[in-house]
Amino acid sequence: MGEKVIEEDKEEAMKSSKTSLVFAINGQRFELELSSIDPSTTLVDFLRNKTPFKSVKLGCGEGGCGACVVLLSKYDPLLEKVDDFTISSCLTLLCSIDGCSITTSDGLGNSRVGFHAVHERIAGFHATQCGFCTPGMSVSMFSALLNADKSHPPSSGFSNLTAAEAEKAVSGNLCRCTGYRPLVDACKSFASDVDIEDLGYNSFCKKGENRDVVLGRLPCYDHASSQVCTFPEFLKNEIKNDIMSLDSRKYRWSSPVSVSELQELLEAENGVSVKLVAGNTSTGYYKEEKERKYERFVDIRRIPELTMVRSDEKGVELGACVTISKAIEVLREEENVPMLAKIATHMEKIANRFVRNTGTIGGNVMMAQRKQFPSDLTTILVAARATVKIMTSSSGQEQFTLEEFLQQPPLDAKSLLLSLEIPSWRPAKKNGSSLDTILLFETYRAAPRPRGNALAFLNAAFSAEVSSSEALDGIVVNDCQLVFGAYGTKHAHRAKKVEDFLTGKVISDEVLIEAIGLLKDEIVPDKGTSNPEYRSSLAVTFLFEFFGSLTQTNAKTTNGWLNGGCKEIGFDQNVESLKPEEAMLSSAQQIVENQEHSPVGKGIKKAGACLQASGEAVYVDDIPAPENCLYGAFIYSTMPLAWIKGIRFKQNRVPEGVLGIITYRDIPKDGKNIGTNGFFTSDLLFAEEITHCAGQIIAFLVADSQKHADIAANLVEIDYDTKDLEQPILTLEEAVEKSSFFEVPPPLRCYPVGDITKGMDEAEHKILGSKISFGSQYFFYMETQTALAVPDEDNCMVVYSSSQTPEFVHQTIAGCLGVPEHNVRVITRRVGGGFGGKAVKSMPVAAACALAASKMQRPVRTYVNRKTDMITTGGRHPMKVTYSVGFKSNGKITALDIEVLLDAGLTEDISPLMPKGIQGALMKYDWGALSFNVKVCKTNTVSRTAVRAPGDVQGSYIGEAIIEKVASYLSIDVDEIRKINLHTYESLRLFHSGKAGECSEYTLPLLWDKIDEFSGFNQRRKVVEDFNASNKWRKRGISRVPAVYAVNMRSTPGRVSVLSDGSIVVEIQGIEIGQGLWTKVKQMAAYGLGLIQCGTTSDELLKKIRVIQSDTLSMVQGSITGGSTTSEASSEAVRICCDGLVERLLPVKTALVEQTGGPVTWDNLISQAYRQSINMSVSSKYMPDSTGQYLNYGIAASEVEINVLTGETTILRTDIIYDCGKSLNPAVDLGQIEGAFVQGLGFFMLEEFLMNSDGLVVTDSTWTYKIPTVDTIPRQFNVEILNSGQHKNRVLSSKASGEPPLLLAASVHCAVRAAVKEARKQILTWNSNQQGTDLYFELPVPATMPVVKEFCGLDVVEKYLEWKIKQRKNV
Ligand SMILES: Cc1cc2nc3c(=O)[nH]c(=O)nc-3n(C[C@H](O)[C@H](O)[C@H](O)COP(=O)(O)OP(=O)(O)OC[C@H]3O[C@@H](n4cnc5c(N)ncnc54)[C@H](O)[C@@H]3O)c2cc1C
Ligand code: FES
Ligand code: FES
């Protein structure tokens, strides 16, 4: 009877339990039946596929880029409080937002209701280029403002946010275009403590203006009245009234509200795969988890025990579901416990803000415990002697130390981590010590990004109880705990042998060196870990850093602080801090706006910038899916050379949603298996019987959703066979050995300059056979490759492609389908970042969609996931260079003989263009005579292609490496060697012939002198010298580097049409990829049409102009968008059209003036022209003449500081002067200069694009591939745009800016080399036998942290201590 009642109660409860999720997006109510939801659906999937809110972008799906950031607001009905924080929607599960409110960038404001001040300021600070990252940036900024102003609304029109906080607001978001400086300025413009003078070039204020005047002009930020409502009233009411909970048994998603309910649930689910979900951010790392089919998802965040926080004299206990952000907040509140503050500071470097906001401490610990995740949290908490409470099905609740817990076998899926406790621990008084024992606690981490968002190479946390002993004359270690993690080991590791050794000892140099010896045997990364020696050396560094200041020799000073009791531990004689001063970002720009052809020459805002910021700008994947749309995913080879014997699914089970796999066999009978068509040869779309490289596309899987397509593609297995095949060619050496080369057509071959034999004969010194090598670089456009193909009537195909080369895409598709070109139409509106990667590499993507669409007669689209994009698209050309150089004793070079081996990969792509690019940029110096030979090698790796400044960046750097080598050889200052080898105008003409232009156009010598004036270069060199003399572990370097960059103008079409209401439509075939093409073109159209002079100002005309998408059937013979000159060429094409229109309109105007006797307005004029049936559409084609090639000049001076112990580089300052001629739009050009420089910085300092031994790319995610972030750009970043004189053969005297400034980033690398040299010199003074360290070294590119440390000496600490000991003995 009793049982029956219970059952009935349950039935009743089930009837009244919740059946749906309710939440809000941008104030709109959404209710979803739980039974209809796949609980593995992410929020980004839902937003992009099921709502109109497409401002949310997908950049990585890993929590690593910030493109998908939205604001999540949670209402607490008891406290009547709303919490607002950013989250990554790519990791958040849709079901977990039940009862929450989501705000996206278009929810903050948009073109219909008005943009938000954040959007308008981003636009006014010229902080958007391709715009793909911008909605995420906007939300991050908005969230920072909202939270800063929540507790006490600001009064002044500024926010309570400080400038320092503003800088951090976007530090977790990636942007590949802008170089971040303008984004930070836009955010800082809200800060209450901002110095208006510090804000960079923008359209609101000018230097020297009064703060109130500027405030009046800045788009209004009035927190009180314009606050976006992040939590709608209806949802509050529903939450207050809704006491129903989900019935755990009924749906695949459940949210138990107590531990017992959870246990019941888990027990009932025997044999069923259950996933406990907290923040779900672990799926960013363990991506396979996203694809695993769980029968049940259990959200554990509503269980009070798991979200509890307790803080008392025993310590701080945090429930496992406390988020990392919340934990930081709690620990910060414990002001009196410095150790907790240190833990909080370290935790701020875990991931990024939007991951920390949902990622929980329990989730992190479980990742480490179960899967050996390289966690920071476990390392620091083991050192803090944390304990954990767990609940297992077998033993109930148990408590362990975290250290014990980590060593146990992985916790089973039905057990639960309940909480973590950091105990309060105070040192005991020790007998025999003259002073109380002091507790020391410190944490460390070394990672490519100082502010986080990068896993550490090694992290560490040490605690020690020490006391001062007069008897022993030093500091005694009474007890210590030394924990290391993330270095390629199973879990956080205590160096127990070292702990035992140190305990009871007086810290001295001798003791330390012995401890280091023991440590090196203990901290050994597992086999296969990258940079193992570097990681071990970091362990030594951190140990030294911790104990260094306690050594016997320092005991007297140390005693002082032990007495004081609370002083921070210092470093090395308590004087030298290891960190550079935390300088805020600052910048200065000198820009001249040219009025001569206004509005051309003005720094006007980018066309559509607000639309980009709000996220309304439509990219290919934002186009709503047509009915019946299918989705594709590429299947690629993982073998370099093998027969493809079969393609099948794992376990021979066809995964959900799969509709077919398209291979070369599906090419129509009149079509060809071509994936690229254009530059030199066409290339296969799909591998046929043999795959020729890892990463080659084998097939295109088609499914009913992108998610299903991606999951299924991962489940494909290819049967390979290598029988009867030769060994693949995977290195340049193998290519040379097998003479595997591509032919370079004669006009593209390199040419010698002067007589090399004579030049070598004249030399007083020679360096022979020196070597330089370069790796690759990935584009890292934020929008990956994407296309949508829609079959049309009569065997036609309309394809939307994110491409820099729509016409080539068009030809490829026609060829592949075997249809006439007029059957194909390719439409491209804008591209979310290209950098060369959307030229050739966009073609197979569009072709595959078109082929699948043609076969299935349904629309097919793909949005290539980041991993596949990284593996299949190639990237920059790796190369190896061997050179011999002859020179005089004063450093004047007389001859240079170079051979370059270029790794082109499998096919030619654009590789035959590379030799000229390399040579052109190399010839920035007068080499006397030059012999230059490039072998374009064919290897079994993915074809390399154009990446911004292809070849030029390496060529320019080769020049610097040679100059540095000569300087080292002669022991002459490298700056002098640079100067003496700069071209005269005569030598420039000799090397560059026709491209050199007139003498007055050669501005490089002027820039060389000007940079000194602009940056105080020579003065600062002395300061750097002084710094290096007085600092042991921080060394600085400063370097100025010139760049010469040749560009070619290409023909391009344009059309300008005036509609009956006077509005103007401009069509060009150049593509807006973020470079500001549309903006310049609009300015040119306004200028061109303004010449009619009809009383309408050019600014008014500007507002009437719209540039529209490129359409290959509307405008033919479009060229490629690339090579930096598309903006100029397209502008010129448009100017010619405007001339034509003006010519037609002039007689109309004259007649009107005669008739009316008064001024004629634009609208009148156009009405009249329409009445007279005048053709108001003019198309043209710009054709460059023989002077279409010219040289660009720029110069940069960079100053860096390296940390000799960790290899970390801080770029203290960069100054650039770049000659833009008469800039068409200095705001756009400034953005190009800064953005290109920062991308170059990535190449020279950070980005390693690595392959395995089969040639398969292994750095295939945001976890492993690190582009620059806000915290890795120059702290001070100054740019002057030189407004050089008339360049009569250029478009309104303008010059290019898209690629050349990238070369200037070499200045950072050169400055690092100078700093490393100082570190090496220092080692030489410690190392009496002078072995193993020379000053004549080649610093590899990129100079990552491990590289810098290696060249400073992995054993620099040991060398130093040995030297110190020896010194003392000698005294
Ligand atoms: C981009 C990015 C960068 C990162 N960088 C760092 C870094 O530099 N350093 C670092 O230390 N970490 C880093 N992390 C890891 C991050 O801290 C974790 O992803 C996060 O803390 C996991 O918490 P979660 O709530 O999202 O866990 P979830 O993803 O929800 O869960 C993780 C796993 O633990 C299980 N689980 C969760 N809670 C419990 C529980 N209470 N009991 C039993 N099982 C449970 C889940 O079932 C799942 O298997 C990074 C993460 C991302 C996405
Ligand atoms: S797409 Fe979510 S963080 Fe990159
Ligand atoms: S504008 Fe930021 S990625 Fe393009």
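Conventions used here
- Residues numbered from 1 in each chain as written.
- Chains lettered and ligands numbered in written order.
- Predicted model: local features only at pLDDT ≥ 70, side-chain atom pairs only at ≥ 80, totals over all residues.
- Heavy atoms only, no water.
- Axes fitted to C-alpha atoms, helices over the stretch in contact; angles between N-to-C directions.
- Helix = DSSP H or I, 4+ residues; strand = E, 2+ residues; numbered from the N terminus.
- Parallel < 35°, antiparallel > 145°, perpendicular 65-115°, else oblique.
- Left-handed = near helix turned anticlockwise from the far one by under 90°.
- Contact = heavy atoms within 4.5 Å.
- Nonpolar A, V, L, I, M, F, W, Y, C, P; charged D, E, K, R; others polar.
- Near = heavy atom within 4 Å.
- Polar contact = N/O pair within 3.5 Å; in protein donor to acceptor, adjacent residues only side chain to side chain.
- UniProt positions renumbered as here; feature names shortened; annotations may be inferred.
- Buried < 20%, exposed > 50% of the residue type's maximum accessible area, 1.4 Å probe, protein only.

1. Here we look at the packing of helix H33 (residues 952–970) against helix H43 (residues 1306–1326)
Remark: H33 packs on H43, axes separated minimally by 10 Å, with the N-to-C direction vectors making an angle of 25°. Relative to H43, H33 is oriented roughly parallel. Handedness of the crossing formed by H33 with H43: right-handed. Taking contact as the criterion, the partners of Tyr 957, Glu 960, Ala 961, Glu 964 and Ser 968 in H33 are, on H43, Ala 1306, His 1309, Cys 1310, Arg 1313 and Lys 1317. Split by residue class, the contact of H33 with H43 holds 4 nonpolar, 2 polar and 4 charged.

2. What to know about the site of ligand 1
Around ligand 1 sit 35 residues in total, of which Leu 276, Thr 281, Ser 282, Thr 360 and Asp 376 are the nearest. Backbone polar atom of Leu 417 to a nitrogen atom of ligand 1: 2.9 Å apart, as the coordinates give it. Elements represented by at least two residues in the shell around ligand 1 include exactly strand E7 (274–277), helix H17 (361–371) and strand E13 (416–423). The residue makeup of the shell around ligand 1, split by class, is 19 nonpolar, 12 polar and 4 charged.

3. Focus: the UniProt feature "active site" (unreviewed entry) in the protein chain
The feature "active site" (unreviewed entry), as annotated in UniProt, sits at Glu 1299 in this numbering. Its location among the elements puts Glu 1299 in the loop between strand E42 (1276–1282) and H43. Reaching out from Glu 1299, the side chain makes a polar contact with the side chain of Ser 1124 at a distance of 2.8 Å.

4. Re the side chain of Thr 529
In this fold, Thr 529 is placed in the loop between helix H21 (509–522) and helix H22 (532–547). A polar contact is formed between the side chain of Thr 529 and the backbone oxygen of Asp 526, at a distance of 2.6 Å. Not counting the four nearest positions on each side in its chain, Thr 529 is found in contact with Tyr 487, Gly 488 and Arg 535.

5. With respect to helix H7 (residues 181–188)
The element H7 is extensively covered by neighbouring structure, given that 8 of its 8 residues are classed as buried. Taken as a whole, H7 has its buried residues at Arg 181, Pro 182, Leu 183, Val 184, Asp 185, Ala 186, Cys 187 and Lys 188. The inward-facing, buried residues of H7 abut helix H4 (117–124), helix H5 (134–148), helix H6 (163–169), strand E18 (586–590) and helix H42 (1226–1246).

6. Overview of the UniProt feature "binding site: [2Fe-2S] cluster 2" (unreviewed entry) in the protein chain
UniProt's feature table lists "binding site: [2Fe-2S] cluster 2" (unreviewed entry) at Cys 130, Cys 133, Cys 175 and Cys 177, given in the numbering used throughout. Across 48 residues in sequence, these annotated residues keep their C-alpha atoms within 9.4 Å of one another, forming a single compact spot. Within the fold, Cys 130 resides in the loop between H4 and H5. Those residues in contact with Cys 130, other than ones at most four positions away along the chain, are Cys 177, Gln 612, Tyr 619, Val 831, Gly 832, Gly 833, Ile 1073 and Gly 1074. With respect to the helices and strands, the residue Cys 133 is situated in the loop between H4 and H5. Leaving out residues up to four positions away in the same chain, Cys 133 has contacts with Leu 174, Cys 175 and Met 782.

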